[in-house]
Amino acid sequence: MARSDQHNFPRFGGEGSGRSPRLASWAVVGIFLFMAFGAIAAARDFLMPVTMALLLFFVFTPLRRFARRYGVPDALTALGVTLGILFSVAVLAYAASGPISRAMNNMPLITTQLEQKFDDLQESLRDFQDAARRIDEAQRVEAPATPGEQTIRVEQEGESTLQTVMKLTPLLLAQVLFTLVLLFFMMASGDLLYLKIVQSFDRMREKRAAYLALREIEDSLGNYLGAITIINAGLGLAIGLAMWAWGMPAPLLFGLGAFVLNFIPYLGSITGVAISGLVAMIVMPGLFWPLMVALTYLGLTSLEGQIVTPYFVSRRLQMNTVVVFLAVAFWAYLWSVIGMVIAVPVLVVLRVLADHVPGWERFGNFLAGEDPPALEDDDEEEAREVVETGAEAEDHSAAEAVTRPLVEGDAPRSQ
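Residues numbered from 1 in each chain as written. Predicted model: local features only at pLDDT ≥ 70, side-chain atom pairs only at ≥ 80, totals over all residues. Heavy atoms only, no water.

The record held by UniProt for the protein chain lists under Subcellular location (unreviewed entry) the comment "Membrane". Under the UniProt heading Sequence similarities (unreviewed entry), the note attached to the protein chain is "Belongs to the autoinducer-2 exporter (AI-2E) (TC 2.A.86) family." (UniProt positions renumbered as here; feature names shortened; annotations may be inferred.)

Structural data, given as structure tokens:
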């Protein structure tokens, strides 16, 4: 649906030339993209918490704005949000610590049971292995050994899982702390970030369009993450009950794991199915019952992904499945697990921007730059007028209505 009064971001340079970009220009763009991706991957320890804080800022800004209407200071709201997130993470970690600790203590027994299971499976496939071995022996050509040739075997002992966890835990805690502190300062500053972004545009119409784009990012991210969080909580409850019904150990841990893993599209469900099947192989006899447990997990996640989520998540926020999968894989390559979590929220932001930024229409349609003008000091008053007027609105539609009078009679600024 076209909204021409919102899609009025300024264009810069090259309009009306009618000439396609030269090959050299595309080569420069390609080189820039490769260097940018390399820089993003290299700076992951800094950029990951910054990106998470920015996404959370957009999600919780409506709450801050709502609290301000009732006289609650921005700093107090920011403190409440950050402490609430910290408390939620601590509760999840505490709930999972008991089952994980018991699993680590029973690791020798678990390893022995897994080895026995795989030995039984290997024994059942012995005939196929013998046939394959005879084929290999018939095709193998022995090369004569060179006189004096020596075989050198180099064995490297890698780090244990516990050593790896102990090494990564301080970095993870530091990133969580950095994310929460940055989120606190961003929220405590009120509308300062919005003000500086809106101030970067010349005309009142452009300022309003930029402000509405920010408000739409708020609405889209809040609606998407809110719906997904509730759906994942329901899925975690269903899987926890299903694992309890099957007699699986630590059903609470399975429920928490399903809740967290389902924030990662596709790969999270696959991981959950694999873990449930592996644990079932340890505690259940044979292969039939572990297969039933894994299929139960797969059935519940498929029901959520194919029916529940499309029904409750707005069609406007639904993404091309191929693009989502590629985005998850791409961000996993750049930023590992955190990259997989933020992949879809970043796509939501890009899709909103594609609706507002000229020249991004085809990109938005596929999912579904231009530099800002030079900063001028006298833009601040108009930017503040847009931001303060829109701050009283409940949502994006209300913000659009209350800021519409600001652009009536708007004329281009003389340069």
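Enquirer: Describe the pattern of salt bridges, with residues and values.
Expert: In total, this model carries nine salt bridges according to the counting rule given. Put simply, Arg68 and Asp191 hold a salt bridge, and the shortest N to O gap is 3.2 Å. You can see Arg68 sitting in helix α2 (residues 44-69) and its partner Asp191 sitting in the loop between α6 (161-188) and α7 (192-199), a full 123 residues away along the chain. Given the relative accessible area of 12%, Asp191 is considered buried. With a shortest N-O distance of 3.9 Å, Glu388 and Arg384 are connected by a salt bridge. Linking Glu388 with Arg384, this pair stays in helix α14 (residues 379-390), spanning four residues, or about one helical turn. What emerges from the salt-bridge pattern is a single network uniting Arg64, Arg68, Asp74 and Asp191. (Salt bridge = Lys/Arg side-chain N within 4 Å of Asp/Glu carboxyl O. Helix = DSSP H or I, 4+ residues; strand = E, 2+ residues; numbered from the N terminus. Buried < 20%, exposed > 50% of the residue type's maximum accessible area, 1.4 Å probe, protein only.)

Enquirer: Go over the UniProt feature "transmembrane region" (unreviewed entry) in the protein chain, please, and point to the residues and values.
Expert: Cross-referencing UniProt, the feature "transmembrane region" (unreviewed entry) maps to residues 21-40, 46-63, 75-96, 172-195, 224-246, 252-275, 282-303 and 323-353 in the present numbering. Helix makes up 88% of residues 172-195 and strand 0%, and the two end C-alpha atoms of the span are 32 Å apart. As annotated, residues 323-353 comprises 100% helix and 0% strand, and the C-alpha atoms at either end are separated by 17 Å.

Enquirer: A description of the environment of Tyr194 should follow, citing residues and the corresponding values.
Expert: Tracing the backbone shows Tyr194 in helix α7. On the accessibility criterion, Tyr194 (1% relative accessible area) is buried. Separated by 16 residues in sequence, Tyr194 and Ala210 have C-alpha atoms that sit 9.1 Å apart.

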